[in-house]
Amino acid sequence: GMKDNAQVRCLQEFLKAQGSTIYPEGITNGNFFSLTQQAVIRFQQKYTIQGTGFVGPMTRAKINELLTLR
């Protein structure tokens, strides 16, 4: 995992904004460990992306799509 990373913090803030079913812990400390990974998996499963916990091209595309809709 990564520690105190600005990009991870942005990801965590995005996941937190998706609601408590995606990221119930809502921690935005910039550390990518199991809680953030599980939130990514829940996000991926919600949008029928293979739930790997890795923020790959399909996951990034979905995040960007949702951010543009705001």
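Basis of the calculations
- Residues numbered from 1 in each chain as written.
- Predicted model: local features only at pLDDT ≥ 70, side-chain atom pairs only at ≥ 80, totals over all residues.
- Heavy atoms only, no water.
- Core = buried A, V, L, I, M, F, W, Y, C linked by side-chain atoms within 4.5 Å.
- Buried < 20%, exposed > 50% of the residue type's maximum accessible area, 1.4 Å probe, protein only.
- Helix = DSSP H or I, 4+ residues; strand = E, 2+ residues; numbered from the N terminus.
- Axes fitted to C-alpha atoms, helices over the stretch in contact; angles between N-to-C directions.
- Parallel < 35°, antiparallel > 145°, perpendicular 65-115°, else oblique.
- Left-handed = near helix turned anticlockwise from the far one by under 90°.
- Contact = heavy atoms within 4.5 Å.
- Nonpolar A, V, L, I, M, F, W, Y, C, P; charged D, E, K, R; others polar.

(A) Examining the nonpolar core more closely. In terms of nonpolar packing, the biggest core is built from 12 residues, these being Val 8, Leu 11, Phe 14, Leu 15, Ile 22, Tyr 23, Phe 32, Ala 39, Val 40, Phe 43, Ile 63 and Leu 66. The set of elements that each furnish at least two residues to this core consists of helix H1 (6-17), helix H2 (34-46) and helix H3 (57-68). Broken down by element, the residue count for this core peaks at 4 residues, all from H1.

(B) How the structure looks around the packing of H1 against H2. The interhelical angle for the contact between H1 and H2, taken along N-to-C directions, is 50°, at an axis separation of 11 Å. The orientation of H1 relative to H2 falls into the category oblique. The way H1 lies across H2 gives a crossing that is left-handed. Within the contact between the two elements, H1 uses Leu 11, Gln 12, Phe 14 and Leu 15 and H2 uses Thr 36, Ala 39, Val 40 and Phe 43. By residue class, the composition of the contact of H1 with H2 is 6 nonpolar, 2 polar and no charged.

(C) How the structure looks around unusual backbone geometry. Phi is positive for Asp 4, which is not a glycine, with a value near 45°. By relative accessible area, Asp 4 is classed as exposed at 56%. Backbone geometry places Thr 48, a non-glycine residue, at a positive phi of 50°. Positionally, Thr 48 belongs in the loop between H2 and H3.

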